[in-house]
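Residue-level structural notes
So you can see what is in the structure, the chains are spelled out below.
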Amino acid sequence: MTIRKNKISGKDQVDEFIANLDHPFKKEIESLRSIILDANKNLNERLKWNSPSFYYLSDFAAFNLRAKHFVQIIFIFYNGNMIEDPSILEGNWIDRREARFYSLADIYIKQDALKQFVNNWIALVDHS
């Protein structure tokens, strides 16, 4: 007799991870998670690289939880196509950009740009 284990969904994994997370910016992380997921229903989430991450057809972004003075999200561009958005993105790496959020107020100011960026990234992937 084969016993089938119920695999926990990516969302449930992230829910559990966040519930147990001890981080000085936990509220900001929860807020950013909601904004990103609400921006486009095509995105999914899971734990990857020991952190909540997002994907649609390929990896999209992941929190870098090592930073303790801000919340850092790394956005991934595997195919070499890059979206430049100086209102939220920093860096000049070939395959990624990062965004830093310093408070709930900072997130509030940047949330519309973040939502637009999410949808621009989805459109880029869909047309690649």
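For the structure, check the block above.
As a convention, each chain's residues are numbered from 1 in the sequence order in which they are written. Residue-level local features of this predicted model are given only where pLDDT is at least 70; pairs of side-chain atoms are given and counted only at 80 or more, and the full residue set underlies all totals for whole chains, interfaces and linings. The side-chain quantities take in all heavy atoms of the structure and omit both hydrogens and water.

**A word on the nonpolar core**
Threshold: As used here, the term nonpolar core means buried Ala, Val, Leu, Ile, Met, Phe, Trp, Tyr and Cys residues forming a set that is joined through side-chain atoms within 4.5 Å. Partly exposed residues are those whose accessible area sits between 20% and 50% of the maximum for their type, while under 20% is buried and over 50% is exposed, using a 1.4 Å probe and protein chains only. Secondary structure elements follow DSSP: runs of H or I of four or more residues count as helices, runs of E of two or more count as strands, with numbering from the N terminus. Every residue pair with non-hydrogen atoms within 4.5 Å of one another is taken to be in contact.
Core analysis: the biggest nonpolar cluster contains 33 residues, and Leu43, Phe60, Phe75 and Leu114 have the highest contact counts within it. Per-element accounting of this core gives the leading share, seven residues, to helix 3 (residues 104-126). If we ignore the near neighbours within four places in the chain, the residues touching Phe75 are Phe60, Ala61, Leu89, Asp95, Arg96, Arg97, Ala99, Leu114 and Phe117.

**Quick word on unusual backbone geometry**
One non-glycine residue with positive phi stands out, namely Asn50, at about 55 degrees. Topologically, Asn50 is positioned in the loop between strand 1 (44-48) and strand 2 (51-56). In this model, Leu57 sits at a positive phi of 65 degrees, which is unusual for a non-glycine residue.

**What about the environment of Ser51?**
To keep things clear, this is the line we draw: Think of a polar contact as two N or O atoms within 3.5 Å of one another; within protein, one of them needs to be a possible hydrogen donor and the other a possible acceptor, and neighboring residues in sequence only count if both atoms come from side chains.
Relative to the helices and strands, Ser51 resides in strand 2. Remark: the alpha-carbon pair of Ser51 and Ile18, spanning 33 residues in sequence, is separated by 9.3 Å. Beyond its immediate chain neighbours, meaning those up to four positions away, Ser51 contacts Phe17, Arg46, Phe63, Asn64 and Leu65. Engagement of the side chain of Ser51 in a polar contact is seen with the backbone oxygen of Phe63, the distance being 2.5 Å.

**A word on the packing of aromatic side chains**
What counts, and what does not: Between the rings of Phe, Tyr and Trp (Trp by its six-membered ring), a pair exists once the centres lie within 6.5 Å; its type follows the angle of the planes, with under 30 degrees stacked, over 60 edge-to-face, and the other angles tilted. We call a charge positioned over a ring when the NZ of a Lys or the CZ of an Arg lies within 6 Å of the ring centre and within 35 degrees of the ring normal.
Within the structure shown, the criterion is met by seven aromatic pairs. By the ring-pair criterion, three or more aromatic residues cluster together here, those being Phe60, Phe75, Phe77, Phe117 and Trp121. Positioned above the aromatic ring of Tyr55, the side-chain terminus of Arg46 is 4.0 Å from the ring centre. Its end group placed over the ring of Phe101, Lys110 keeps NZ or CZ at 5.4 Å from the ring centre.

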